[in-house]
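Results of the structural survey
Residues per chain, in single letters:
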Amino acid sequence: MTGEKLVHVIFNTGAREEIMRRNFKFPHLERANLDWVIKNAKNTAGVDIDENIILQLRVSTERNRAAFINYYEAVFYYGTYTNKETFLISYGAKNRDISKQLWPMLNRKMIDNYGISSTIDTPPATPAVVDVFVPCSHLEASTYLYKFNYYDFCARLGWAIFHPNSIKM
C-alpha cells in the first residue's frame, strides 16, 4: 500500500482526511508548476507563488539519499521578501518513526511560538501532511487560503514531495 494514500490533517481543528492515490489527479500543467515550485521554494528566500504570497520549503532526507524526503516544512508568508508574516505552515512526515518525532516537536513549537495547541493527542498515520493556521495580522492572507484552496494545494505539495514520480512528465 506504500504510495497509495496520504493523510491530511488540520492541526488547529483535528479534522483529518485520508486521500487515496487513485482519486488524486495531477493535471499536466499542474505537474510542471509543482515541480518548479518545489525546486525553487528550497531557496533560502523561498519563491513567490502568488501576489504577496511566498513559499519557503525545508526538507530532510534519508542519509545519503537526497531523492528520498522523509520530512518537510512548508512555510507560507504574506508580504514581501523583506517584510513578511507567516500565515500557514504545512508539515509532512513520510513514515511512522518521523511522525512520532515530529508530533511532540510540532506541538511544543506551536504552543511556544503561536499559543496554538492541537486537539489530537497521537501522531497521524503516515504519510501525512499537517497544516497549521497561525495568527496573521493581514486579513488578505485568510482570503488567499479560501480563494486558492490551500487545502488541495498542500495535499498536492505533500504528494509531489513524497512521491516525485507522480508529477513526472
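The paragraphs below set out a description of the structure included in this document. (Residues numbered from 1 in each chain as written. Predicted model: local features only at pLDDT ≥ 70, side-chain atom pairs only at ≥ 80, totals over all residues. Heavy atoms only, no water.)

Digging into the packing of helix H1 (residues 28-41) against helix H4 (residues 150-162)
The geometry of H1 relative to H4 is characterised by a closest axis approach of 11 Å and an angle of 75 degrees between their N-to-C directions. Taken together, the axes of H1 and H4 lie roughly perpendicular to each other. Residues Glu30, Leu34, Val37 and Ile38 of H1 form the contact with H4, whose own contacting residues are Phe153, Arg156, Leu157, Ala160 and Ile161. Considered class by class, the residues forming the contact of H1 with H4 number seven nonpolar, no polar and two charged. (Axes fitted to C-alpha atoms, helices over the stretch in contact; angles between N-to-C directions. Helix = DSSP H or I, 4+ residues; strand = E, 2+ residues; numbered from the N terminus. Parallel < 35°, antiparallel > 145°, perpendicular 65-115°, else oblique. Contact = heavy atoms within 4.5 Å. Nonpolar A, V, L, I, M, F, W, Y, C, P; charged D, E, K, R; others polar.)

Regarding the pattern of salt bridges
Scanning all chains against the criterion turns up five salt bridges. The salt bridge partner of Glu73 is Lys109, with a shortest N-O separation of 2.7 Å. On the criterion of sequence distance, the pair formed by Glu73 in strand S5 (residues 65-79) and Lys109 in helix H2 (residues 96-114) is long-range, its members being 36 residues apart. Ionic contacts of the salt-bridge type, sharing partners, join the residues Arg58, Glu73 and Lys109 into one network. (Salt bridge = Lys/Arg side-chain N within 4 Å of Asp/Glu carboxyl O.)

Considerations on the nonpolar core
Within soluble globular proteins, side chains that are nonpolar tend to cluster in buried spots. Counting residues in hydrophobic clusters, the biggest one holds 33 residues, and the most contacted among them are Leu55, Phe76, Phe87 and Leu157. Looking at this core, the elements that each hand over two or more residues are strand S1 (5-10), H1, strand S4 (53-62), S5, strand S6 (84-93), helix H3 (139-147) and H4. The contact partners of Phe87, leaving out residues within four places of it in the chain, are Ile53, Phe76, Tyr77, Tyr78, Val132, Phe133, Val134, Cys136, Ala141, Tyr144 and Leu145. (Core = buried A, V, L, I, M, F, W, Y, C linked by side-chain atoms within 4.5 Å. Buried < 20%, exposed > 50% of the residue type's maximum accessible area, 1.4 Å probe, protein only.)

With respect to unusual backbone geometry
A cis amide bond, omega -5 degrees, links Thr126 with the succeeding residue Pro127. Mapped onto the elements, Pro127 comes out in the loop between H2 and strand S7 (128-133). In this structure, Asn52 is a non-glycine residue whose phi angle is positive, near 65 degrees. Looking at where Asn52 falls in the secondary structure, it is placed in the loop between strand S3 (47-50) and S4. The exposure class assigned to Asn52 is partly exposed, which follows from its relative accessible area of 28%.

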